[in-house]
Amino acid sequence: MSLQMPKEIAEVRVTYKSKVYAADRPQVRASEDAHRYFRQIWDEDTIEFFEEAFLLLLDRSNRIMGWYKVSQGGMAGTVVDAKVIFATALKARASSIILAHNHPSGQLYPSKADSELTQKLFTAGKALDLPLLDHLILAPEGGFYSFADEGLINH
């Protein structure tokens with residue numbers, strides 16, 4: 001039995017270039033700040049129609065390096081893949097992350113799935129030294145729920 005080596009293998013290259021100087025990046029100091037920045041990203045014409053999830057990528061000073069649309073689903077849910085979240089955060093050289101998703105129904109309390117996802121991301125982030133600082137749930141009417149403010153994310 002002979003083992004043949006492949007003739008070619010794919011090169012994996014990871015690059016990142018910020019278009020915003022660090023000093024010009026907005027800083028997140030509290031859940032209200034994160035909520036305000038997520039509201040700037042969200043399409044207010046569809047927040048009541050379907051569920052989406054977005055990610056804020058933060059540097060060591062909690063300045064926003066960028067944002068990423070993680071998923072878009074239907075009226076009752078969206079799939080959030082932890083591998084996609086952390087692959088994005090690692091590629092962007094983020095030091096921490098904040099996740100947000102909306103509830104088109106306006107219900108601000110987390111579902112069991114929301115709580116389980118938060119715990120999963122918190123645990124994975126801790127292992128990667130890339131902490132989940134907060135997970136927000138946004139309502140179409142303007143309110144929000146913060147897992148960190150409610151003591152459900154402990155650093």
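For every chain, the first residue of the written sequence is number 1, and numbering continues from 1 along that sequence. At least 70 in pLDDT is required for a residue's local features to be given in this predicted model, at least 80 for side-chain atom pairs to be given and counted, and no such filter applies to totals for whole chains, interfaces and linings, which use all residues. With hydrogens and water set aside, each side-chain value is computed from the structure's full complement of heavy atoms.

**Let's talk about the sheet that holds strand S1 (residues 52-58)**
Next up, step 1: Pairing between two strands is assigned when DSSP locates at least 2 bridges connecting them. To qualify as a helix, a DSSP run of H or I must reach at least 4 residues; to qualify as a strand, a run of E must reach at least 2; elements of each kind are numbered from the N terminus. Spatially, the 5 strands line up as an open sheet ordered S2-S1-S3-S4-S5, and their pairing is mixed. Looking along the sheet, the strands with just one partner apiece sit at the ends: strand S2 (64-72) and strand S5 (144-146). Recorded for the sheet is a direction-independent mean angle of 20° between the axes of neighbouring strands.
Next up, step 2: Contacts: residue pairs with any heavy atoms within 4.5 Å of one another. Angular values range over 0 to 180 degrees, each being the angle between N-to-C directions of two axes fitted as lines to C-alpha atoms, with helices fitted over their stretch in contact. Those strands touched by helix H1 (residues 31-41) are S1, S2, strand S3 (96-102), strand S4 (132-138) and S5, and its axis lies near 55° from that of S4.
Next up, step 3: Together, S1, S2 and S3 form the strand contacts of helix H2 (residues 82-91), whose direction differs from that of S3 by roughly 140°.

**Comments concerning unusual backbone geometry**
Next up, step 1: Look at Arg93: it is not a glycine, yet its phi comes out positive at around 65°.
Next up, step 2: Within the element layout of this structure, Arg93 appears in the loop between H2 and S3.
Next up, step 3: Residue Asp129 is not a glycine yet carries a positive backbone phi of 60°.
Next up, step 4: Within the fold, Asp129 resides in the loop between helix H3 (112-128) and S4.
Next up, step 5: For Asp129, a relative accessible area of 66% gives the class exposed. Working definition: with a 1.4 Å probe on protein chains only, accessible area under 20% of the residue-type maximum means buried, over 50% means exposed, and in between means partly exposed.

**Brief notes about the side chain of Arg39**
Next up, step 1: On the secondary structure map, Arg39 appears in helix H1.
Next up, step 2: For Arg39, a relative accessible area of 16% corresponds to the buried category.
Next up, step 3: N or O atoms within 3.5 Å of each other form a polar contact, as long as, within protein, one can give a hydrogen and the other can take it, and as long as residues adjacent in sequence are counted only when both atoms are side-chain atoms. A polar contact of 2.6 Å, which involves the side chain of Arg39, links it to the backbone oxygen of Ala139.
Next up, step 4: Apart from the residues within four sequence positions on either side, Arg39 is in contact with Glu44, Ile47, Leu138, Ala139, Pro140, Gly142 and Gly143.

**A word on the packing of aromatic side chains**
Next up, step 1: Pairing of aromatic side chains here covers Phe, Tyr and the six-membered ring of Trp, requires ring centres within 6.5 Å, and sorts the geometry by plane angle: under 30 degrees stacked, over 60 edge-to-face, intermediate tilted. Enumeration according to the criterion identifies 6 aromatic pairs in this entry.
Next up, step 2: For the ring pair Phe54 and Trp67, a centre distance of 5.6 Å and an interplane angle of 55° mean the geometry is tilted. One end of the pair, Phe54, is in strand S1; the other, Trp67, is in strand S2, and 13 residues separate them in sequence.
Next up, step 3: When its relative accessible area of 4% is taken as the criterion, Phe54 is described as buried.
Next up, step 4: Plain terms: the ring middles of Tyr109 and Tyr145 are 6.4 Å apart, the flat faces sit at 65° to each other, and that makes the pair edge-to-face. Note that Tyr109 is positioned in the loop between S3 and H3 and Tyr145 in strand S5, a separation of 36 residues in sequence.
Next up, step 5: Cluster of aromatic residues (ring-pair linked, three or more members): Phe38, Trp42, Phe54 and Trp67.
Next up, step 6: It is Arg36 that lies over the ring of Tyr37; its NZ or CZ is 5.1 Å from the centre. Geometrically, a lysine NZ or arginine CZ counts as sitting over a ring once it is within 6 Å of the ring centre and also within 35 degrees of the ring normal.

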